[in-house]
Amino acid sequence: MPGASDALAAEVAQRQQQLIETRRYFHQRPELSFAEHETAAEIARRLRALGLDPLEGVGGTGVTAMLRGKAEGRQPARTLLVRADIDALPVEEEADALVRPWRSQNPGVMHACGHDGHIAIALTLAELLMARREYLHGAVQFVFQPAEERIGGALAMLTDGVTAHPKVDASLGLHLWTPVPVGQVSVAPGAVFSSADEVWLRVRGRGSHGAMPHLGVDPVVVAAEIITALQTLVAREVSPFHPAVVTFGSIHGGNAFNVIADSVELRGTLRAYDPDDRELLRARIGEVAHGVAQGMRAEVEYEVRGGCPACVNDPAMAEIVRRAAIATVGADNVPDGDQRQAASDDMAYFLEAAPGCYFFIGASDPKRDIDAPHHSARFDIAEEALAIGLETLARATLEYLKP
Ligand SMILES: [Zn+2]
Ligand SMILES: [Zn+2]
């Protein structure tokens, strides 16, 4: 629909300043995961002002709103979930208030991942679509999700039925992304974010005098063997064409230099892009650790704590977004090839619940010193990215729900 698209581009351009103001409003008022009370209330207030009827307190501090189209179509009407995460991080923002008067007003809390921009884009999309309901065959379920940073908000909302009542047929979400320069959109089928699992191990030995190791079982030595053995899992048991990571970031045991400890605790993170690799590694970490410990007279307790699956895009939905991105920024600015990012996001649960696409809106501009990594105290976005995100998301939504 070239005519409607051109009108859309103009409408988005008109809303550029509004997007920036909305982003800055939420940037000044960041709240931590599952504590997004003022954020949620403001989102609901703005949705109501648009004529929608939002539900608050969904999945804790989440907000949803159903926008129903008015077009008649030959196919049965479908429902598209559009997700925006709304939480901030426990980071003290490093920004000069003279340069950035919109810096965080909440000490020790900062929108250091761009979720303030996600809120602005989703709210403005709702406004834009309210004026275009006659072009929508079906409905958009807006999902303002709490607690992405702690991983937990998406599952809590799913438990509250956001994809079930009514049944959601597809899902879309975007992330403003500083590893990609502003002006570009990164979209790809298949896995784009890895899974993330915390793995926890306790190696139990038997304490002893440091000079009499034969009277005890040294869990420090066993833990060292286990960590080394686990490094072979990715190297020897996962396909060389499949990236995966096993990292132990924490190891604690013993208090004195000359005493053999009773136990050692290991905590690590497991990342994989393929769900089968994830399952294999989750199981094999425990098996290998048990085997090594048994061979050395020690025992192991093993748990996988608080995991999140990989974000896996549906090819058809990724193609809709790719075309929307090309219409927005041009084919030269929608790179081909591997678009996987080394991070995780609980958008994965919405993508599991309904075929969907999670995509990345380039948001860095090194010329203006806007290139800090996500979660950094100096994080910022090139705000032109907001309009690119809105236009791409709007085009994809209109395409999916066209009569
Ligand atoms: Zn983040
Ligand atoms: Zn994020």
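Because the structure is predicted, anything quoted here is derived from the model rather than measured.

Caption draft 1: Spotlight on the overall build of the chain. Along the backbone of the chain there are 10 helices and 15 strands. Relative to a compact globule of 403 residues, whose C-alpha radius of gyration would be 22 Å, the chain shows 24 Å and is just as compact. With the C-alpha coordinates of the chain rotated into their principal frame, the extents come out at 80 × 50 × 40 Å. Taking all 403 residues of the chain together, the buried fraction comes to 54%. Counting contacts in the chain only where the partners sit at least 6 residues apart, residues at least 24 apart contribute 81% of the total. For the chain, the computed accessible surface area is about 17,400 Å², with 52% contributed by carbon and sulfur atoms. Of the charged side chains in the chain, 37 are positive and 54 negative, and the gap between their average positions amounts to 2 Å.

Caption draft 2: How the structure looks around the sheet that holds strand E6 (residues 185-186). Read across the sheet, 7 strands follow the order E1-E2-E4-E3-E5-E15-E6 without closing on themselves; strand pairing throughout is mixed. The open sheet has two free edges, formed respectively by strand E1 (55-58) and E6, since each of these has just one partner strand. Strands in contact with helix H4 (residues 115-130) are strand E2 (62-68), strand E3 (78-85), strand E4 (138-145) and strand E5 (170-181); relative to E4, the strand with the most contacts, it is inclined by about 155°. Here helix H10 (residues 384-400) sits on the sheet and contacts E3, E4, E5, E6 and strand E15 (356-364); the angle it forms with E5, its principal contact strand, is near 155°.

Caption draft 3: Structural context of the packing of helix H3 (residues 37-49) against H4. The contact between H3 and H4 brings their axes to 10 Å, and the two run at 20°. By the angle between their directions, the pair H3 and H4 is classed as roughly parallel. The handedness of the crossing between H3 and H4 is right-handed. The residues of H4 that touch H3, namely those facing Thr-39, Ile-43, Arg-46 and Leu-47, are Ile-119, Leu-123 and Ala-126. Taken together, the residues of the contact of H3 with H4 break down into 5 nonpolar, 1 polar and 1 charged.

Caption draft 4: Up close: the coordination of the zinc ion (ligand 1). Note on the zinc ion (ligand 1): its protein donors are Cys-113 (SG), Glu-149 (OE), Glu-149 (OE) and His-375 (NE2). The metal-donor distances range over 2.0 to 2.5 Å. Between the 4 donor atoms coordinating the zinc ion (ligand 1), the angles at the centre fall across 55 to 147°, so the site counts as irregular. The distance between the zinc ion (ligand 1) and the zinc ion (ligand 2) is 3.1 Å, with Cys-113 acting as a donor to both metals. Of this pair, Glu-149 sits in the loop between E4 and helix H5 (153-159) while His-375 sits in the loop between E15 and H10; the two residues are 226 residues apart in sequence, bridging distant segments of the chain. A relative accessible area of 19% places Glu-149 in the buried class.

Caption draft 5: Highlighting empty space enclosed by the protein. Overall, the coordinates contain 1 cavity of 30 Å³ or more when judged by the stated rule. By volume, the largest cavity is sized at about 40 Å³. When grouped by side-chain class, the residues that make up the lining of the largest cavity number 6 nonpolar, 2 polar and 1 charged.

Caption draft 6: Highlighting H3. Its 13 residues place the ends of H3 18 Å apart at the C-alpha level, agreeing with the 18 Å of an ideal helix rising 1.5 Å per residue. Three or more residues of H3 are buried, namely Thr-39, Ala-40, Glu-42, Ile-43, Ala-44 and Leu-47. Check the buried side of H3 and you find it contacts helix H2 (16-27), E1, E2, H4 and E4. In the segment just after H3, Gly-51 is the residue with positive phi, at about 95°.

Caption draft 7: Fine view of the state of the cysteines. Under the definition given, this model contains 0 disulfides. Free of any disulfide, Cys-308 has its nearest neighbouring cysteine sulfur in Cys-311, separated by 6.1 Å.

Caption draft 8: Examining the pattern of salt bridges more closely. Throughout the structure, instances matching the rule amount to 36 salt bridges. Between Arg-46 and Glu-42 there is a salt bridge, with its nearest N and O atoms 2.8 Å apart. On the criterion of helical spacing, the pair formed by Arg-46 and Glu-42 is a turn pair, its members being 4 residues apart in helix H3. Classification of Glu-42 as buried rests on a relative accessible area of 11%. Close ionic contact of Arg-368 with Asp-365 constitutes a salt bridge, the shortest N to O distance being 2.6 Å. By relative accessible area, which is 42% here, Arg-368 ends up partly exposed.

Definitions and cut-offs
Residues numbered from 1 in each chain as written. Chains lettered and ligands numbered in written order. Predicted model: local features only at pLDDT ≥ 70, side-chain atom pairs only at ≥ 80, totals over all residues. Heavy atoms only, no water. Helix = DSSP H or I, 4+ residues; strand = E, 2+ residues; numbered from the N terminus. Rg over C-alpha atoms; globule rule 2.2 N^0.38 Å. Buried < 20%, exposed > 50% of the residue type's maximum accessible area, 1.4 Å probe, protein only. Contact = heavy atoms within 4.5 Å. Areas by Shrake-Rupley, 256 points an atom, 1.4 Å probe, with all protein chains shown as cover. Lys, Arg positive; Asp, Glu negative; His and termini not counted. Charge placed at Lys NZ, Arg CZ, Asp CG, Glu CD. Pairing = 2+ DSSP bridges. Axes fitted to C-alpha atoms, helices over the stretch in contact; angles between N-to-C directions. Parallel < 35°, antiparallel > 145°, perpendicular 65-115°, else oblique. Left-handed = near helix turned anticlockwise from the far one by under 90°. Nonpolar A, V, L, I, M, F, W, Y, C, P; charged D, E, K, R; others polar. Donors = N, O, S within 2.8 Å, 3.2 Å for Na, K, Ca; no water. Tetrahedral: all angles 85-135°; square planar, octahedral: opposite > 155°, others 65-115°. 1 Å grid on protein atoms, 1.4 Å probe; cavity = no way out; pocket = protein on both sides within 12 Å on 5 of 7 lines; lining within 4 Å. Points joined across faces, edges and corners; volume = space filled by probe spheres on them. Expected span 1.5 Å × (residues − 1). Disulfide = S-S within 2.5 Å. Salt bridge = Lys/Arg side-chain N within 4 Å of Asp/Glu carboxyl O.

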